[in-house]
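Descriptive analysis of the structure
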Amino acid sequence: MTAELVRGQNHPLSQARLEVRIAAGTPIVVGATLGDEHGRVPGVEWVAHPGAPTLPGLEVSRQAAADHRLAVDLGAVPEAVHRVDVLLALPAAGGAGPASFGVVAAPFVAVTDLDGTELASYTITGLDAESAVVALEFYRRQGAWKVRAVGQGYGGGLAELLTDQGLAEAHHLATGINEAVAQGLARSLPAPSRPTDPDRSRRPAAPALGGDQGGPATQGASGGVPPQPVPPYGAQAPGVPPQPTSPYGAQAPGVPSQPASPYDPQGTSAAGAPQQPTPPYGTPRQPASPYDPQSTPAAAAPQPGQPQGAAVPADSSSAAQPSGAPIDYAHPRRQSAAPQPPPPGQAKPPVAGDAAGWSMDERLYNQVWGMFEDLARTMAAYRSAVDFADSRMEKELDQILSDPRSRLGGQGDAAREAARAKYAQLVDQARAVLDRDLAQLTAEAEVVEPALPPAYARWDNPVWHGYRVPMEVPMALRMGDLHLAEAPELRIPLLVRLPLERGLWIDSGRAGSLGGSFTDSHDLGRLAMETAVAHAARLLAVHPAGEFTVHVIDPAGSAAQALAPLVRTGVLAAPPAMGAAGVADVLTRLTERVDLVQMAVRAGAADSLPPGLDTAEQLLIVNDFPHGFDDRAVTQLRYLADEGPAVGVHLMMVADREEAAGYGPLLDPLWRSLLRLTPVPDDHLADPWVGHAWTYEPSLVPPGSEVLQQVLSQVARARTKPT
Amino acid sequence: MVDVSKGGAPGGGVNLTKGQAISLQKRDGGTLTAVRMGLGWQAAPRRGLFGSRTREVDLDASAVLFADKQPVDVVFFRHLVSDDGSVRHTGDNLVGGVGQGGDDESILVDLARVPVHIDQIVFTVNSFTGQTFQEVQNAFCRLVDETNGQELARYTLAGGGAYTAQIMAKVHRTGPGWTMTALGTPANGRTFQDLMPAILPHL
């Protein structure tokens with residue numbers, strides 16, 4: 001029944017009480033002007049805006065928001081009013097937001113009746129440099145009201161728009177509106193985006209990793225650990241487009257770059273900090289998730305479709321376009337009506353890249369994190385149900401035991417049997433739900449995994465055989481796989497954002513690892529170094545030629561064999577540094593670099609760096625720590641761990657914490673500041689939503705594979721090539 | 001139990017009175033898959049030196065998930081999504097005032113995804129800034145079918161009294177489907193934790 005209007009089209013209205021819903025991808029200001037029979041706005045008192053939100057018959061929001069609903073009662077509008085214009089404007093405040101509608105999603109407006117039934121809708125496409133637009137116009141025609149899609153934009157913003165409406169004080173009023181909005185923005189969170197789309201776009205950034213979620217069901221709050229400081233109102237503003245700012249430059253100098261502080265109280269638990277990479281900021285994801293209300297339980301049987309043609313975007317209108325080019329953001333998945341339940345018995349087959357993002361890279365990243373979250377949450381539901389069933393049965397069995405009547409005859413047995421049956425029934429139900437979700441996620445993983453680019457792919461993915469040195473740095477890097485005990489087959493890629501926000505610690509210690517077969521510490525040490533080399537090679541491979549430099553400290557030369565692929569292909573900046581002198585030399589050079597860049601950033605003069613300075617990101621692999629380190633070197637190392645990531649200097653420690661125990665608590669902050677990875681499966685990583693302990697497995701090159709050698713040779717060749 | 005097709009709320013849904021319950025069956029007999037609990041309010045105008053002076057009121061909506069009277073999870077402005085993902089708060093609104101039918105805070109419940117052991121979800125409203133409901137006007141909570149935006153039931157916080165919280169409603173399992181019951185019990189407290197003693201009698 002909805003009339004989808006195009007620009008200029010009008011539509012009759014049969015009722016006077018209406019709601020206008022506005023959805024934009026970014027917070028916008030909504031106002032309304034009342035016009036007389038000549039279409040003119042006689043004065044400021046005829047304008048509803050955040051500073052003066054109420055006029056007879058209509059009311060607008062006091063705040064800028066991505067979504068607005070305004071109630072309109074055309075019957076209550078004064079007789080003299082012949083025209084009501086609904087206008088949208090980008091907030092001028094602070095310059096933080098987008099400056100024109102050309103760079104944001106096309107705003108969508110709908111006129112609904114009070115039931116929420118859509119009468120007419122209009123997507124305002126074709127906007128470019130405009131920062132204010134008249135979206136809709138209600139007007140009287142022969143005693144009845146009609147609505148027209150206007151879509152008239154103004155490059156000069158609200159001031160120009162209001163001037164065009166004949167308002168003498170337009171500039172003054174526009175300034176006032178912007179002030180009112182700025183005050184509102186400073187105080188409140190922007191409204192969540194698009195309430196009709198049940199996707200992830202509305203989710204604020206996930207809370208700090210492993211943090212106390214505040215609920216009574218919080219898990220894993222180890223005794224004595226102070227609760228994670230929850231920022232007031234907890235979360236990043238929903239609906240605000242993430243600003244993936246590089247940690248360089250924008251950051252205050254001297255501030256450690258990790259958003260989760262390395263001194264996080266969570267990190268005090270013995271098994272190393274359950275910390276992790278930053279969660280994706282508000283990863284929006286389109287349906288195809290098990291949380292999609294469209295996939296009703298009846299329709300959830302997934303079809304593992306198109307395993308090979310997988311990299312096809314969900315639909316062509318959301319296909320990747322070079323950013324910067326003018327893009328028509330006609331909401332790719334905008335539904336003009338309520339989502340229809342799928343026909344029974346059919347579920348949409350999963351598709352790789354079925355998530356929001358500016359590029360395939362980003363969409364896959366968001367999809368993987370979406371799967372990660374879905375699995376975390378569905379498992380939370382299952383575990384919670386089983387826990388509840390457990391405790392209920394225990395209570396019931398206790399009761400039977402304490403009830404004297406149960407000792408007579410078979411009564412007790414029957415009651416026990418009933419309690420167990422109740423338990424089994426609930427657990428079966430929970431398991432059925434879990435299995436349904438697992439099947440859907442597995443089907444999704446089966447199409448996503450082959451579609452991944454090298455940076456996200458396992459080493460055994462054929463995409464590595466077609467490897468070419470990339471032109472730009474990917475969003476993230478796969479550090480390995482994650483899985484949960486209940487679903488060991490379902491592997492979620494652990495994607496960590498680039499540039500690295502924290503250093504890495506490849507734990508060569510024995511404690512805590514699950515693999516009983518690697519009890520030999522020598523084996524574990526070798527495996528840890530191989531893991532480090534695999535990670536380092538991947539980092540080298542996904543950076544454009546010359547934009548990533550790897551240094552190695554191998555004081556005793558014990559890792560020569562594991563390092564061979566790096567050394568042989570010539571991708572290292574210099575041969576591995578050996579002995580105490582080598583350690584001191586490398587550390588001093590990197591420390592100087594951090595100082596120089598920091599000074600330049602602080603002085604706001606990044607171009608004043610010495611001409612010989614290598615501008616590439618730097619990775620320092622340290623083997624056998626603390627072998628070959630004196631106190632001064634340890635201090636330098638800690639300095640690098642703290643200050644390095646912000647200026648592109650990263651650490652990869654291959655170490656057994658036990659061996660450095662002689663330093664006492666002095667090094668605790670160092671370990672906590674690093675992301676701990678293990679060479680063998682280990683369940684030390686926690687997800688950011690629920691805090692499950694996930695089993696991590698590193699991404700290793702399959703035995704006998706030449707792929708590492710081939711990839712590194714190409715990296716080396718690209719590096720020596722004159723550019 | 002009330003037939004959904006009757007009733008005279010502006011949205012076509014039912015205007016609930018305290019203690020009244022409606023079954024969340026669709027008119028065509030299907031079951032609801034997703035509902036939204038919307039909360040709207042405005043600060044009551046207070047007479048000040050300049051007439052229009054109002055103090056902003058920050059009401060917070062929360063949802064507590066219960067399994068057999070045990071609280072299992074809670075969704076509020078510091079924990080916006082239940083661990084299992086079935087209940088989501090769309091974000092905190094600190095001032096209210098969209099008014100006139102608009103929801104200032106919403107909690108979405110994906111009924112199909114609520115874990116099997118959760119049998120009741122209780123919705124509460126607290127005044128975080130400490131004003132009593134006497135200083136709030138046009139406050140309501142309503143239940144909307146999220147799949148088509150239709151209002152199923154509305155409950156108005158009429159004649160606000162000298163209390164700082166309300167236990168608004170609960171949604172609970174009845175057989176294969178769900179039922180909503182308007183509770184409308186006044187209470188006092190800044191966040192949902194303070195309300196637990198007041199909630200328990202309603203389970």
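In this text, all values refer to a predicted model and were calculated from it rather than measured experimentally. (Residues numbered from 1 in each chain as written. Chains lettered and ligands numbered in written order. Predicted model: local features only at pLDDT ≥ 70, side-chain atom pairs only at ≥ 80, totals over all residues.)

Quick word on the overall build of chain A
Counting secondary structure elements, chain A contains 10 helices and 21 strands. Buried residues in chain A amount to 49% of all 723 residues. For chain A, long-range pairs separated by at least 24 residues make up 74% of all intrachain contacts whose partners lie at least 6 apart in sequence. (Helix = DSSP H or I, 4+ residues; strand = E, 2+ residues; numbered from the N terminus. Buried ≥ 20, exposed ≤ 12 C-beta atoms within 10 Å, placed from the backbone. Contact = placed C-beta atoms within 7 Å.)

A word on the overall build of chain B
A tally of regular secondary structure across chain B gives 1 helix and 12 strands. Shown N-terminal to C-terminal, the secondary structure of chain B runs as helices and strands in the order β-β-β-β-β-β-β-β-β-β-β-β-α. Considering chain B as a whole, with its 203 residues, one finds that 57% of them fall into the buried category. Residue pairs in contact within chain B that sit at least 24 positions apart in sequence constitute 64% of those at least 6 positions apart.

Quick notes on unusual backbone geometry
For the peptide bond that leads from A:L498 to A:P499, omega is -10 degrees, which places it in the cis range. That bond from A:F625 to A:P626 is cis: its omega, 5 degrees, falls within 30 degrees of zero. As for its position among the elements, A:P626 is in the loop between strand 17 (617-625) and helix 8 (631-643). With phi around 50 degrees, B:D68 is a residue other than glycine that occupies positive phi space. Relative to the helices and strands, B:D68 is located in the loop between strand 4 (59-67) and strand 5 (70-75). We classify B:D68 as partly exposed; it has 14 C-beta atoms within 10 Å.

Re the nonpolar core
Residues A:A536, A:I621, A:M652 and B:V109 are the most contacted members of the largest nonpolar core, which totals 168 residues. In terms of residue count, helix 3 (residues 360-402) of chain A provides more of this core than any other element does, 15 residues in total. When residues of this core are assigned to domains, at least three map to each of domain 2 (304-312 + 347-459) and domain 3 (496-592 + 624-720) of chain A. Apart from the residues within four sequence positions on either side, B:V109 is in contact with B:A34, B:V35, B:M37, B:S86, B:V87, B:V114, B:I121 and B:V171. With 67 residues, the next largest nonpolar core counts A:A64, A:L88, A:V134 and A:L173 among its residues. (Core = buried A, V, L, I, M, F, W, Y, C linked by C-beta atoms within 7 Å. Domains from an automatic or database assignment.)

Observations concerning the sheet that holds strand 19 (residues 674-677) of chain A
All names here are of chain A. Strand order in the open sheet formed by 5 strands is 16-17-18-15-19, and the pairing between neighbours is parallel. Edge positions in the open sheet fall to strand 16 (548-553) and strand 19, since each of these has one partner strand only. For this sheet the average axis-to-axis angle between neighbouring strands, irrespective of direction, equals 20 degrees. Summarising the sheet, strand 15 (residues 503-507) and strand 19 pair through 4 bridges and their orientation is parallel. Looking at the pairing, I506 lines up with L677 of strand 19. (Pairing = 2+ DSSP bridges. Axes fitted to C-alpha atoms, helices over the stretch in contact; angles between N-to-C directions.)

Focus: helix 6 (residues 560-569) of chain A
Residue and element names in this part refer to chain A. For helix 6, the set of buried residues is A562, L563, P565, L566 and T569. Taken end-on, helix 6 shows its buried residues confined to a sector of 140 degrees, consistent with a single buried face. Turned more than 90 degrees away from the buried face of helix 6, the exposed residues are Q561 and A564. With its phi angle positive at about 75 degrees, G570 sits one or two positions after the end of helix 6. (Arc of directions from axis to C-beta.)

Overview of the pairing of strand 21 (residues 693-698) of chain A
Residue and element names in this part refer to chain A. Among the 6 residues that make up strand 21, 5 are buried, leaving the element largely enclosed by the rest of the structure. Pairing of strand 20 (residues 682-686) with strand 21 involves 3 bridges; the strand directions are antiparallel. Bridging from a neighbouring strand, L685 pairs with W694 of strand 21. Two successive antiparallel strands, strand 20 and strand 21, enclose a turn made up of 6 residues, where G691 displays a positive phi of approximately 90 degrees.

A few points about the packing of helix 6 of chain A against helix 10 (residues 707-720) of chain A
All names here are of chain A. Two numbers describe how helix 6 lies on helix 10: the axes approach to 8 Å, and their chain directions differ by 35 degrees. Seen along the crossing, helix 6 lies across helix 10 with a hand that is right-handed. Listed contacts from helix 10 to P565, L566 and T569 of helix 6 are L708, Q709, L712, S713 and A716. Grouping the constituent residues of the contact of helix 6 with helix 10 by class yields 5 nonpolar, 3 polar and no charged. (Left-handed = near helix turned anticlockwise from the far one by under 90°. Nonpolar A, V, L, I, M, F, W, Y, C, P; charged D, E, K, R; others polar.)

Observations concerning helix 7 (residues 579-602) of chain A
Residues and elements named next belong to chain A. Across its 24 residues, helix 7 extends 35 Å between first and last C-alpha, which sits within 8% of the 34 Å expected from 1.5 Å per residue. The complete set of buried residues in helix 7 reads V583, V586, L587, L590, V594, V597 and V601. Among the structural elements, strand 16, strand 17, helix 8 and strand 18 (649-655) are those in contact with the buried residues of helix 7. Positive phi shows up at G604, right after helix 7, with a value of about 65 degrees. (Expected span 1.5 Å × (residues − 1).)

A few points about the confidence of the model for chain B
For any part of a model where pLDDT is low, the fine detail of the predicted coordinates should not be relied upon. Residues and elements named next belong to chain B. Averaged over all residues, the pLDDT of chain B is 77; the fraction at 70 or higher stands at 77%. Here strand 1 (residues 14-15) stands out as the element of chain B with the lowest mean pLDDT, 72, in contrast to strand 6 (residues 87-89), whose mean of 92 is the highest. Scored below 50 in pLDDT, residues 1-12 makes 26 contacts in the model with residues more than four places away or belonging to other chains. With a pTM of 0.61, the predicted complex shows an ipTM of 0.82. (pLDDT = per-residue confidence, 0-100.)

Some details on the environment of A:S406
All names here are of chain A. Checked against the element boundaries, S406 lands in the loop between helix 3 and helix 4 (411-451). S406 sits in the partly exposed class, given 17 other C-beta atoms within 10 Å. Taking the C-alpha atoms as reference, S406 lies 9.5 Å from R416; in sequence the two are 10 residues apart. The contact partners of S406, leaving out residues within four places of it in the chain, are I400, Q411, G412 and A415.

Comments concerning the packing of helix 3 of chain A against helix 4 of chain A
Residues and elements named next belong to chain A. Two numbers describe how helix 3 lies on helix 4: the axes approach to 9 Å, and their chain directions differ by 175 degrees. Comparing the axis directions of helix 3 and helix 4 gives the class roughly antiparallel. Class assignment for the residues of the contact of helix 3 with helix 4 results in 24 nonpolar, 3 polar and 7 charged. (Parallel < 35°, antiparallel > 145°, perpendicular 65-115°, else oblique.)

Some remarks on the pairing of strand 7 (residues 65-73) of chain A
Residue and element names in this part refer to chain A. Counting buried residues in strand 7 gives 7 out of 9 residues, a clear majority hidden from the surface. Pairing of strand 3 (residues 17-35) with strand 7, which is carried by 8 bridges, proceeds in the antiparallel orientation. By the bridge assignment, E19 is partnered in strand 7 with A71.

Things to note about the sheet that holds strand 21 of chain A
The pairing of strands in a sheet happens through backbone hydrogen bonds and is either parallel or antiparallel. Residues and elements named next belong to chain A. A sheet is described by the order of its strands in space; here 4 strands give the open sequence 14-13-21-20, paired in antiparallel fashion. Because the sheet does not close on itself, it has two edges, and the strands there are strand 14 (487-497) and strand 20. Across the sheet, the mean angle from the axis of one strand to that of its neighbour is 45 degrees, orientation sign disregarded. Bridge count between strand 13 (residues 476-484) and strand 21: 4 bridges; the pairing is antiparallel. Each bridged residue has a counterpart across the sheet, and for H483 the counterpart in strand 21 is T695. Each of strand 13 and strand 14 touches helix 3; the most contacted strand, strand 14, lies at about 135 degrees to it.

Remarks on the environment of A:K395
The topology assignment puts A:K395 in helix 3. Linking A:K395 and A:A419, residues 24 residues apart in sequence, is a C-alpha distance of 9.4 Å.

Notes on the confidence of the model for chain A
All names here are of chain A. Taken as a whole, chain A shows an average pLDDT of 76; of its residues, 73% reach a score of 70 or greater. Looking over chain A, one finds the lowest element-wise mean pLDDT in helix 2 (residues 170-187), namely 74, and the highest in strand 13, namely 94. Ignoring residues within four places in sequence, the model shows residues 186-345, a span with pLDDT below 50, making 336 contacts including any to other chains. Below a pLDDT of 50 lies the segment residues 512-516, which in the model reaches 13 contacts outside its immediate sequence neighbourhood of four places, other chains included.

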